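Coordinates in review
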Amino acid sequence: MNVLVRVFSAFAWRWLDKVDLPLLLGLCAIMAISLVVQASAGGDVDSVVKQAARFAVGLGALLMLSRLAPSTLRQWTPLAYLASLVLLGLVFAVGTGRSANLWIDLKVFYLQPGELLKLSVPMMVAWFLHQAHLPPQWRTLGITAVIIGLPVGLTILQPDFGTGLLVGASGVFAVFLAGIAWWRIGLFAGLGLAALPVGWQFLMPYQRDRILTFLDPESDPLGTGWNIIQSKIAIGSGGATGKGWGQGTQAHLDFLPEHTTDFVFSVFSEEFGWLGVLVLLALYFFVVARSLWLASQARDTYGRLLAGALALTFSVYVIVNAGMVAGFLPVVGVPMPLLSYGGTSAVSLLAGFGMVMAAGAHRRTWGG
């Protein structure tokens, strides 16, 4: 028996020595909450089993990536970026989906290239800035804009505005962490605001409807405003302590649409109340804060920018989805990370945290 314990301990240490235990525990707590909520919102064991299987695959990717030497990861970055672009191009030819061609049917599972871009774009930006003079000047910013803009543009053309937003944010965060001057940030923000009227002309009709509905959801309560109105009812009816697990009426009576995916946070709010929401948001805050601390431990530019960008992108998931379901932001189809029932989203998120852990775990071996 003692021999088995020693063998298991040695095996566990071999695979967990690069894993940041506090971050892993925070992620596991969120995943456990997800399975509890999915059991209620989905109403069947099958959805819980599939969600757990995705978490298992994602945790496997996390363990493997956390053990990679950052120099190895950096060497593979251009190939990973190019491969994700090729797969994104294939979506236009052989893609499938309910409302847009977002996935590639591999028969065994559906692959969404947009999820890969959430990793490969910040990797590529960090790879390029690692070799550049910092803080970035205009030439560097121009090349970075192409690295980010090409996949973002193709993603929005699918059309998948929500994923395009996150892919763009992941790259922009890496630029921000590279020390871009504040006056340049202000200039880009001003140009972005000035371009809004032009951008409006290129939006799809349903995207315009989402923005107009956000401004006045009661203008079409039985149509485009239905989703957000029912979501706000679910959140408000939960009160301080919630109605209890499995007792949420908005989801179980089919008033709340997409209650296992985009609006699962509304289900959680109704069943566990504001106290439950505070606990969940505290877990998200801990995960982001811990990831940023690990990013700060990286000794080279690549690791610091990549880990920091992934952590900040994760926070965008939380902010956008929470704001969306509460009516503070337009509905853009961004899921609550690890809580929502999703395909490759959970796997890509956990893989990203493996890279974050690598940044902290290998800090003593990284070159300057």
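Structural data are supplied above this passage.
Here goes a summary of the coordinates provided. (Residues numbered from 1 in each chain as written. Predicted model: local features only at pLDDT ≥ 70, side-chain atom pairs only at ≥ 80, totals over all residues. Heavy atoms only, no water.)

Regarding the overall build of the chain
Within the chain, the secondary structure is distributed over 15 helices and two strands. Looking at the chain as a whole, 47% of its 368 residues are labelled buried. Within the chain, contacts between residues separated by at least 24 positions form 74% of all contacts whose residues are at least 6 apart in sequence. (Helix = DSSP H or I, 4+ residues; strand = E, 2+ residues; numbered from the N terminus. Buried < 20%, exposed > 50% of the residue type's maximum accessible area, 1.4 Å probe, protein only. Contact = heavy atoms within 4.5 Å.)

Thoughts on the packing of aromatic side chains
Under the defined criterion, the tally for this structure stands at six aromatic pairs. On the numbers, 5.9 Å between centres and 70° between planes, the contact of Trp138 with Trp183 is edge-to-face. Of this pair, Trp138 sits in helix H6 (residues 138-157) while Trp183 sits in helix H8 (residues 182-194), and the two are 45 residues apart along the sequence. Judged by relative accessible area, which is 42%, Trp138 ranks as partly exposed. Residue classification places Trp183 among the exposed positions, given a relative accessible area of 53%. With a centroid separation of 5.7 Å and an interplanar angle of 75°, the aromatic rings of Phe176 and Trp182 are classed as edge-to-face. Here Phe176 falls in the partly exposed class, since its relative accessible area comes to 37%. Note on Trp182: relative accessible area 64%, which makes it exposed. Arg74 extends its terminal NZ or CZ atom over the ring of Tyr302, reaching a point 6.0 Å from the ring centre. (Phe/Tyr/Trp six-rings, centres within 6.5 Å; stacked < 30°, edge-to-face > 60°. Lys NZ or Arg CZ within 6 Å of the ring centre and 35° of its normal.)

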